Amino acid sequence: MTTDRGAASDPISALEAGAWRAAQRQLREDRQYDAMLGAELRTIARAMAYRAAGDHGSAWTALAKVAAGLRRRQPSLPVLRPNGIDAIQLALPPEREPDSPGWAAYRTIRLVCREQGELRQLRRRAGDSPIGLTEDRHILVLAFVEYLCWVEFDLSSWAPKSPPDEDLAAVETRIAEFTDRRREALLRSATDLRRLYRPTSGGMTRAVWDRVDQYHGLRWLALNELASRSAPPWTEPALAGRVPVRLWAERAWESAKAPESDGLYEFALES
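To start, this report covers the structure provided alongside it. (Residues numbered from 1 in each chain as written. Predicted model: local features only at pLDDT ≥ 70, side-chain atom pairs only at ≥ 80, totals over all residues. Heavy atoms only, no water.)

### Quick word on the overall build of the protein chain
Item 1. Along the protein chain, the regular secondary structure elements total 13 helices and two strands.
Item 2. Against the 2.2 N^0.38 benchmark of 18 Å for 271 residues, the protein chain shows a C-alpha radius of gyration of 18 Å, consistent with a compact globule.
Item 3. Here the C-alpha coordinates of the protein chain stretch approximately 55 × 40 × 40 Å along the principal axes.
Item 4. With 271 residues in all, the protein chain has 55% of them scored as buried.
Item 5. Restricting to contacts in the protein chain with at least 6 residues of sequence separation, those with at least 24 account for 66%.
Item 6. For the protein chain, the accessible area works out to roughly 12,500 Å², and carbon and sulfur atoms hold 51% of it.
Item 7. Computed over 39 positive and 38 negative side-chain charges, the inter-centroid distance for the protein chain is 4 Å. (Helix = DSSP H or I, 4+ residues; strand = E, 2+ residues; numbered from the N terminus. Rg over C-alpha atoms; globule rule 2.2 N^0.38 Å. Buried < 20%, exposed > 50% of the residue type's maximum accessible area, 1.4 Å probe, protein only. Contact = heavy atoms within 4.5 Å. Areas by Shrake-Rupley, 256 points an atom, 1.4 Å probe, with all protein chains shown as cover. Lys, Arg positive; Asp, Glu negative; His and termini not counted. Charge placed at Lys NZ, Arg CZ, Asp CG, Glu CD.)

### Looking at the side chain of Gln-116
Item 1. As for its placement among the helices and strands, Gln-116 is situated in helix H5 (residues 103–126).
Item 2. Classification of Gln-116 as buried rests on a relative accessible area of 1%.
Item 3. The residues touching Gln-116, leaving out its near neighbours within four places in the chain, are Trp-60, Leu-63, Ala-64, Ala-67, Ile-88, Gln-89 and Leu-90.

### Describing the nonpolar core
Item 1. Among the nonpolar cores identified, the biggest contains 82 residues, and Leu-15, Trp-20, Leu-41, Leu-140 and Leu-226 are the most heavily contacted of them.
Item 2. For this core, the element with the most residues is helix H6 (residues 135–152), which contributes twelve residues.
Item 3. Among residues more than four places away in sequence, those in contact with Leu-140 are Leu-186, Leu-187, Ala-190, Met-204, Val-208, Trp-209, Val-212 and Leu-218. (Core = buried A, V, L, I, M, F, W, Y, C linked by side-chain atoms within 4.5 Å.)

### Some words on helix H3 (residues 35–52)
Item 1. Taking 1.5 Å of rise per residue, 18 residues should cover 26 Å, and H3 covers 26 Å from first to last C-alpha, within 8% of that figure.
Item 2. H3 sits mainly inside the fold: 13 of its 18 residues count as buried.
Item 3. The N-cap residue of H3 is Asp-34: its side-chain oxygen and the backbone nitrogen of Met-36 are 3.1 Å apart.
Item 4. Downstream of H3 by a residue or two, Gly-54 has a phi angle that is positive, lying close to 80°. (Expected span 1.5 Å × (residues − 1). Polar contact = N/O pair within 3.5 Å; in protein donor to acceptor, adjacent residues only side chain to side chain.)

This is how it looks when you write it as structure tokens:
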């Protein structure tokens, strides 16, 4: 489902496009939704901010909180029961007509489904290393793909910031470490991603960084991992066509799919 490129006219449209900073600003300045829906949208925006910062576990927890609240108020909402996952995972209910009663609530549920679905798929990818990459190198590559899709192609990552609270100030500090190409930021993100898949895992070390030939080698592997994927969103196939695409993920994927990238991933694994 393609996101409306007229996007950020309201907080939900902004979140559908992936513009979590714009959504947070609009939610602070314009109370166009009731208090409960506004609180849910703020939590979704914060979950997206956590993911941009490489804090996948906090994103997972925040989304589970929203899902649990939605289910309490709407007990008929369908849920998924994935093996090994105890947090409430929403399934997408039948689509409503645009601008019908409950349309904003439906779009909010759809956002939670997309974000939870992408994190589920990320967990699965973390446990499914391709031939030619060890698990730790593979997870570091996935963490760099996350950076590309959540930070590098989001123009707001490069603009001056005025975070509204200490938590988001910490998020912006972590994102700035990505844009400064800090090794520690990517290793921390990869550690958090591995713990999303296997909670008792240890931290990623400098040795993993060196084995992928540091920043430039890692970037090359990440772009070719991205080029090997189908178009976003990266959720379960049954969900992918029913949820909006984040603009920055689409831009990153299109860049990686440029013709000169063809075949590089296979070459990288063989070399």
